[in-house]
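# Reading the structure
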Amino acid sequence: MEQGLVAGGTLQGTCTVCGQAATFSRFNDNLRESGSCSVCNSNNRKRQVAFVLRQFYGLPNYGRFAFNSDFVIFNTETSGSFHEQLSRHSSYYASEYFGPQYRPGAMVDGRRHEDLQNLSFDNNTLGVVLSSDVLEHMPDPYKAHAEIHRALKPGGRHIFTVPFDDQAFQDQVRASLVNGKLVHHMPAIYHGDPLNPNEGILVYRIFALEMLVRLNQIGFNTRLHVLHEPEFGIVGPGALVFDAVKTPAA
């Protein structure tokens, strides 16, 4: 386990999701997905994204998120403590993917449906897009990146996490859609999915350095943040967050 964790896998500090003093406990071998906040129940991975969001918009790591009212935030999930904190903002949108039978932007059981590969947002409208381990579940993640780029304002940013192998150049394509049919190239991996807790959601791709090249070709200036912030409950070798900024047109 990560050096610096106290006996029993517990840390004390400030949660970057809820902005309150908290205890981070129940860390396990999967550090990235564990370490629950005693106040809001956020895990390590969500605190990583919240930390980068606060850093780049000049917000302190304590207290509520406070943005200008016209700053548009789009979050690719509609549950959990991070969503609950951000939902207080007046220009906030959150969505899930409910299937190809719904049009982008439709409401399904009270929640917005969006396909990141075909967003309903107009060009140049979003200030920031947040996604946490979402893009690996897309058959065509670079189409999704291109759509996010289209919808962001110039200078807007996509703050995201994905499974990433920094020792490999090419993405590991584990599955793909060929003529509308699912083809497995490697044994299937499924991640937990709040919408389908019994089935999980298929991993199509593990990203590598190729991703940085392709994001640059789309028009992003992308940085990788390797975090180690124990005082904010952020630890582990998987504490990687990407910050992709839409380059303003020349």
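Report follows, based on the coordinates. (Residues numbered from 1 in each chain as written. Predicted model: local features only at pLDDT ≥ 70, side-chain atom pairs only at ≥ 80, totals over all residues. Heavy atoms only, no water.)

A word on the packing of aromatic side chains. Working definition: an aromatic ring pair is given by the centre-to-centre distance plus the angle between the planes. What the rule picks out here adds up to eleven aromatic pairs. With a centroid separation of 5.3 Å and an interplanar angle of 15 degrees, the aromatic rings of Phe 67 and Phe 71 are classed as stacked. Comparing Phe 67 with Phe 71 shows no difference in burial state: the two are buried. Consider the rings of Phe 74 and Phe 121, whose centres lie 4.8 Å apart with planes at 55 degrees: the pair is tilted. Here the residue Phe 74 occupies a position in strand S4 (residues 73–75), and Phe 121 occupies one in the loop between strand S7 (111–113) and strand S8 (126–132), the gap between them amounting to 47 residues. By relative accessible area, which is 0% here, Phe 74 ends up buried. On the basis of relative accessible area, Phe 121 is assigned to the buried category, the value being 9%. A network of ring pairs unites the aromatic residues Tyr 57, Phe 65, Phe 67, Phe 71 and Phe 82 as a single cluster. Over the aromatic face of Phe 65 sits the side chain of Arg 54, whose NZ or CZ is 4.1 Å from the ring centroid. (Phe/Tyr/Trp six-rings, centres within 6.5 Å; stacked < 30°, edge-to-face > 60°. Buried < 20%, exposed > 50% of the residue type's maximum accessible area, 1.4 Å probe, protein only. Helix = DSSP H or I, 4+ residues; strand = E, 2+ residues; numbered from the N terminus. Lys NZ or Arg CZ within 6 Å of the ring centre and 35° of its normal.)

All right, on to the sheet that holds strand S1 (residues 11–14) then. Read across the sheet, three strands follow the order S1-S2-S3 without closing on themselves; strand pairing throughout is antiparallel. In this open sheet, the two strands that pair with only one neighbour each are S1 and strand S3 (36–37). Where S1 meets strand S2 (residues 21–25), four bridges bridge the pair, whose relative direction is antiparallel. Residue pairing for S2: Leu 11 is matched across the bridge by Phe 24. (Pairing = 2+ DSSP bridges.)

Attention shifts here to the pairing of S8. Taken across its seven residues, S8 has seven buried, putting it largely inside the fold. Here S4 runs beside S8; their pairing, made up of three bridges, is parallel. What sits directly across from Asn 75, in S8, is Leu 130. Remark: the S8/helix H3 (residues 141–151)/strand S9 (residues 152–161) crossover connection has right-handed handedness. (Right-handed = clockwise from strand over helix to strand, strands pointing away.)

The strand order S6-S7-S5-S4-S8-S9-S17-S16 describes an open sheet built from eight strands, whose pairing is mixed. Lying at the two open borders of the sheet, with one neighbouring strand each, are strand S6 (107–108) and strand S16 (220–226). Alignment of S16 against strand S17 (residues 240–246), held across seven bridges, turns out to be antiparallel. Directly across from Leu 224, in S17, lies its bridge partner Phe 242. This element, helix H4 (residues 210–218), spans S9, S16 and S17 of the sheet and lies at about 150 degrees to S16. (Contact = heavy atoms within 4.5 Å. Axes fitted to C-alpha atoms, helices over the stretch in contact; angles between N-to-C directions.)

This paragraph deals with the pattern of salt bridges. A complete count under the given rule lists eleven salt bridges for this structure. For Arg 45, the salt bridge goes to Asp 133, with nearest N and O atoms at 3.7 Å. With a gap of 88 residues between them, Arg 45 in helix H1 (residues 44–56) and Asp 133 in the loop between S8 and H3 connect regions that are remote in the sequence. For Asp 243, the salt bridge is made with Arg 223, and the minimal N-O distance between the two is 2.8 Å. On the criterion of sequence distance, the pair formed by Asp 243 in strand S17 and Arg 223 in strand S16 is long-range, its members being 20 residues apart. Look at Arg 223 and you get partly exposed, because its relative accessible area is 36%. Overlapping salt bridges, with partners in common, bring together Arg 32, Glu 33, Arg 45 and Asp 133 in one network. (Salt bridge = Lys/Arg side-chain N within 4 Å of Asp/Glu carboxyl O.)

In globular proteins that are soluble, nonpolar side chains generally tend to be buried together. Counting residues in each nonpolar core, the largest one holds 33 residues, and the members touching the most others are Leu 53, Phe 82, Leu 86 and Leu 130. Residue assignment for this core shows that the elements contributing at least two residues are S2, H1, helix H2 (81–86), strand S5 (92–96) and S8. At five residues, the largest contribution of residues to this core is made by H1. Those residues in contact with Leu 86 that lie beyond four places of it in its chain are Leu 53, Phe 65, Phe 67, Ile 73, Asn 75, Tyr 92 and Leu 130. Formed by 25 residues, the second largest nonpolar core is a distinct cluster that contains Phe 121, Phe 164, Leu 215 and Leu 240. (Core = buried A, V, L, I, M, F, W, Y, C linked by side-chain atoms within 4.5 Å.)

Looking now at unusual backbone geometry. For Asp 109, which is not glycine, the phi torsion reads 50 degrees and is therefore positive. When you line up the elements, Asp 109 lands in the loop between S6 and S7. A relative accessible area of 76% places Asp 109 in the exposed class. If you check the backbone angles, Asn 124 has positive phi at about 55 degrees while not being a glycine. The class of Asn 124 is partly exposed, set by a relative accessible area of 40%.

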